[in-house]
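# Reading the structure
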Amino acid sequence: MKQIINDLIAQALRELEQSSQIPSELGAHIQVTPARDPGQGDFASNVALTLAKAAGMPPRALAELIVGQISAIDTIEKVEVAGPGFINFFVASATSHSIIRDVLEQGDDFGRSSHGQGGKIQVEYVSANPTGPLHVGHGRGAAIGATLANLLNFVGYEVQQEYYVNDAGRQMHILGTSVWLRYLELCGESVTFPSNGYQGDYVWDIAATLHRENDARFQKPVAEVMAEVSEDAPAGDKEKHIDDLIEKAQTLLGENEYRIVFDLALVTLVDVIRNDLHAFGVDFDCWFSERSLSDDGLIDQAIQRLQDSGNVYEQDGAQWFRSTDFGDEKDRVVRRENGQTTYFASDIAYHMNKFDRGFGRVINIWGADHHGYIPRVKASLTALGYDADNLEVELVQFANLFENGNKISMSTRSGEFVTLRQLREDVGLDAARFFYVMRKTEQHMDFDLDLAREQSNDNPVYYLQYAHARICSVRRQCAEKGISLVTGEANLERLENTHEQALVKQLSIFPERVEAAALRREPHLVVNYLRELANLFHSWYNAHQFIVDDVELRDARMALASAISQVLRNGLKLMGVSAPETM
RNA sequence: GCGCUCGUAGCUCAGAUGGAUAGAGUGUUGGCCUCCGAAGCCAAAGGUCGUGGGUUCGAUUCCCGCCGAGCGCGCCA
């Protein structure tokens, strides 16, 4: 419809130009938007305002001229000039009502489009270090990533969802060593746990498994473990202390034995995370191991490629990538003085590999604290000869967590956090998923645990679900009363009150709103849309009866109601929220 | 200090590419169930869109300064 109106205006402008009533070559960018108010018709265009200056005449006069030139078609009932020079289009009701039949016929596929034309797109999200269970801080990225993936799939992309497992690096060694130390305690050794170790109860659990399955196999006397280890905080340096302990674990246990402890911790936690996410309605297609990058030689390969293109130099014994040549604020080390590659080097290899796997577009969903990291990753892609614009990074702001009016801080290290699992068990899957996606991703957000816990009408997700349940309920009523509905052939012309017209219009814009949400990477647009739809429905419901004696009217209204419930279902499904038939 | 993301109703937030009278929810105050589910509806009140300039027919939106908030500026990951 939008396109038809667009064409009508373009045609009118062409004719005006040909008859020299307006200057030619105005290069009009025609804009047609859904009208905001029923009094302003269904669609509006501001062409007259944008062209007024170039055409050298008042906006209203130009608008009148355009309207006079627009050819009459039967899908448009009326065209008029309003305000400072807007052109408002009124769509014939028969045309707009046909959307109801479209919804009912297309069912779960209503709103789908082929916009993406099957292009391969990857969404990488969550990717939290497997050093502990996911906490509520990770939930927002999980919910947004999953919804975005659903949306992209819905508009015709082939989407792959990926979790980057940081299974190499210092944090994981700290975890492995933490587990080992707890294990030593279970063996009867008396260990002073490092202040910088992972203190959560799950570390005990993993240590217990290790002990149960291996008895004293990994046991070493504490005196030996602590020998020559530098002092812990507060008197000493806690970072140095933990690093010494890691080294001790590796030398005392030997490469192979240490690896067994390390891998048990890793595998257990990745499993925990996978299960938590699954219960949260989030399932990844690929769990990509950071360690596999070095195992497969991809890191060396990436550095070599940068070297070959002359973008690497040596200084202070380290190898630096000259990222400043590609817009970064300073050059970055890729290989340390001690010969080890940096995390950044892994990330270069990882992103190189993403594009080598054939994704035309790659979306990373990162916490906002990583924003400073973007320029260097893009710089590396450019240096390697990829188009860095095909990497999109969506930054998700942190959710501030409040409980009893106080902000709670979370730390995986100290073991003080509310897990994602706890949140879901507290507030339910639907409310949790909905809450996270409700707000624009780059918006800072306050997450009030008490409010989210309240299973009351305060929680906006129920508003949508209630609308759906109500419609299901009316259908049940019909069935109980032995009323058979013929919604498919209903005479939709009977839908004439303002509530019904507004609802029809709202239904018709679902496809474009979903597409906008997907293309703009803004899942919250779906929430806003559904809220508007539910609001219109509830108002209609309160103002009119559906089950009336007039069969024709009843069928028409039930057809509309069914279409509404279908769209609610489709929208909620995109967000991973259920559409219950009863509540 | 430099950079990124922000600042809209008492509170939590929408307002893409500049457009008509800046909108929801929540909270407050009043109404609405002999009738399909009141987890709902209707109405009222509530705003110098942080602030000061600029760009133009028109700025919450674009540009600059200032104030305020969060985050980032490692041979950590």
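Residues numbered from 1 in each chain as written. Chains lettered and ligands numbered in written order. Predicted model: local features only at pLDDT ≥ 70, side-chain atom pairs only at ≥ 80, totals over all residues. Heavy atoms only, no water.

## Digging into helix H12 (residues 343-356)
In this model H12 runs 20 Å from its N-terminal to its C-terminal C-alpha over 14 residues, within 8% of the 20 Å that 1.5 Å per residue would give. With twelve of 14 residues buried, H12 is to be regarded as a mostly interior element. All of the buried residues in H12 are Phe344, Ala345, Ser346, Asp347, Ile348, Ala349, Tyr350, His351, Met352, Asn353, Lys354 and Phe355. Following H12 by one or two positions, Gly358 adopts a phi angle in the positive range, close to 95°. (Helix = DSSP H or I, 4+ residues; strand = E, 2+ residues; numbered from the N terminus. Expected span 1.5 Å × (residues − 1). Buried < 20%, exposed > 50% of the residue type's maximum accessible area, 1.4 Å probe, protein only.)

## A few points about the environment of Asp285
With respect to the helices and strands, the residue Asp285 is situated in the loop between helix H9 (238-279) and strand S7 (286-289). A C-alpha to C-alpha distance of 30 Å links Asp285 and Tyr258, two positions 27 residues apart in sequence. Among residues more than four places away in sequence, those in contact with Asp285 are Val159, Gln160 and Gln161. A distance of 2.7 Å separates a polar atom in the side chain of Asp285 from the backbone nitrogen of Gln161. (Contact = heavy atoms within 4.5 Å. Polar contact = N/O pair within 3.5 Å; in protein donor to acceptor, adjacent residues only side chain to side chain.)

## Let's talk about the domain arrangement of chain A
Often, the extent of an interface is quoted as the loss of accessible area upon association of its parts. Domain annotation for chain A reports domain 1 (2-91), domain 2 (170-274) and domain 3 (460-574). On a C-alpha basis, the centroid separation for the pair domain 2 and domain 3 is 58 Å. (Domains from an automatic or database assignment.)

## Concerning the pattern of salt bridges
Under the counting rule described, the total for this entry stands at 22 salt bridges. Arg361 is the salt-bridge partner of Glu392, the closest N and O atoms lying 2.5 Å from each other. A residue pair is termed long-range when its members are at least 10 positions apart, and Glu392 in strand S12 (residues 391-396) and Arg361 in strand S11 (residues 361-367) qualify at 31 residues. Judged by relative accessible area, Glu392 falls into the buried class, the value being 14%. Exposure remark for Arg361: the relative accessible area of 28% places this residue in the partly exposed category. With a shortest N-O distance of 2.8 Å, Arg557 and Glu500 are connected by a salt bridge. (Salt bridge = Lys/Arg side-chain N within 4 Å of Asp/Glu carboxyl O.)

## A short note on the packing of aromatic side chains
Taken as a whole, this structure holds 24 aromatic pairs when the rule is applied. Aromatic pair Phe288 and Tyr350: ring centres 4.9 Å apart, planes at 40°, arrangement tilted. Of this pair, Phe288 sits in strand S7 while Tyr350 sits in helix H12, and the two are 62 residues apart along the sequence. Across the pair, Tyr350 and Phe288 agree in class, each one buried. What links up through ring pairs into an aromatic cluster is the set Phe321, Phe326, Tyr343, Phe344, Trp366 and Tyr373. Above the face of the Phe90 ring, Lys78 is positioned so that its terminal group lies 4.3 Å from the ring centre. A cation over an aromatic ring shows up here: Arg274 above the ring of Trp287, its NZ or CZ 4.9 Å from the ring centre. (Phe/Tyr/Trp six-rings, centres within 6.5 Å; stacked < 30°, edge-to-face > 60°. Lys NZ or Arg CZ within 6 Å of the ring centre and 35° of its normal.)

## Notes on the sheet that holds S7
One open sheet accounts for five strands, arranged S7-S6-S5-S11-S12; its pairing is parallel. The open sheet has two edge strands with one neighbour each: S7 and S12. Recorded for the sheet is a direction-independent mean angle of 25° between the axes of neighbouring strands. Where S11 meets S12, six bridges bridge the pair, whose relative direction is parallel. Bridged to Trp366 within S12 is Leu395. Here helix H5 (residues 136-154) sits on the sheet and contacts strand S5 (120-124), strand S6 (158-165), S11 and S12; the angle it forms with S11, its principal contact strand, is near 160°. (Pairing = 2+ DSSP bridges. Axes fitted to C-alpha atoms, helices over the stretch in contact; angles between N-to-C directions.)

## With respect to the sheet that holds strand S10 (residues 332-335)
Here we have three strands laid out as an open sheet, ordered S8-S9-S10, and antiparallel in their pairing. Here the strands that pair on one side only, and so sit at the sheet edges, are strand S8 (312-315) and S10. Across this sheet, the average inter-strand angle for adjacent strands is 45°, counted without regard to direction. In the packing of H12 onto the sheet, contacts are made with strand S9 (318-321) and S10, and the angle to S10 comes to roughly 80°.

## Observations concerning the protein's contact with RNA strand B
Within the structure, RNA strand B sits among 62 residues, and Phe86, Tyr463, Tyr466, Arg470 and His544 are positioned closest to it. When atoms of RNA strand B within 4 Å of the protein are sorted by moiety, sugar and phosphate together comprise 63%. Going through the elements one at a time, helix H2 (47-55), strand S4 (86-91), S9, strand S15 (445-448), helix H17 (460-480) and helix H20 (524-543) are the ones with two or more residues in the surface near RNA strand B. In terms of residue count, H17 provides more of the surface near RNA strand B than any other element does, eight residues in total. Along the lines of polarity and charge, the residues of the surface near RNA strand B split into 21 nonpolar, 24 polar and 17 charged. (Near = heavy atom within 4 Å. Nonpolar A, V, L, I, M, F, W, Y, C, P; charged D, E, K, R; others polar.)

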